[in-house]
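Analysis of the macromolecular model
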Amino acid sequence: QVQLAESGGGLVQPGGSLRLSCAASGSIFSIYAMGWYRHAPGKQRELVAVVSRGGITNYEDSVKGRFTISRDSSKNTVNLQMNSLAPEDTAVYSCYAGVIVEGTDYGTDFWGKGTLVTVSS
């Protein structure tokens, strides 16, 4: 129905930057929210950042001031600019989209496969 394609993960040194991108495609009527979650080894999955269709953003406390989420609603894309990366940011980052699928009148959550971000010297 809906596919999320992520890109931009990789290896970066502490203090460095990475930019994650995600594009949604498929049977999309509208997207009411897009964002990023991450899952680090031995930890629960956590919300990193999310942006609503109206542009309201929400960030996990540890990334505030370092990460910036942006969205292009016309292209169904979301980006996550990550600066001042630290080893504790190491995780698999997954794109998320809350979608109203064509032909329905309710929201459905979709997830990307994830992209690995490793912060290490």
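One can find the structure itself at the top, above this paragraph.
For the structure given in this document, a descriptive report is provided here. Owing to the predicted nature of the structure, the values given are computational and were not obtained by experimental measurement.

Calculation criteria
Residues numbered from 1 in each chain as written. Predicted model: local features only at pLDDT ≥ 70, side-chain atom pairs only at ≥ 80, totals over all residues. Heavy atoms only, no water. Helix = DSSP H or I, 4+ residues; strand = E, 2+ residues; numbered from the N terminus. Salt bridge = Lys/Arg side-chain N within 4 Å of Asp/Glu carboxyl O. Buried < 20%, exposed > 50% of the residue type's maximum accessible area, 1.4 Å probe, protein only.

Observations concerning unusual backbone geometry
- Positioned with a positive phi, N76 is a non-glycine residue whose angle comes to about 55 degrees.
- Examined against the element boundaries, N76 turns out to sit in the loop between β7 (67-72) and β8 (77-82).
- Unlike most non-glycine residues, S84 shows phi in positive territory, near 50 degrees.
- Its place among the elements puts S84 in the loop between β8 and β9 (91-101).

With respect to the pattern of salt bridges
- Within the structure shown, the criterion is met by five salt bridges.
- Taking the shortest distance from any N to any O, the salt bridge between R38 and D89 comes out at 3.0 Å. With R38 in strand β4 (residues 28-39) and D89 in the loop between β8 and β9, this residue pair connects regions lying 51 residues apart in the sequence. Across this residue pair, the class does not change: R38 and D89 are buried.
- Put simply, K64 and D61 hold a salt bridge, and the shortest N to O gap is 3.0 Å.
- The partly exposed category is assigned to K64, whose relative accessible area is 48%.

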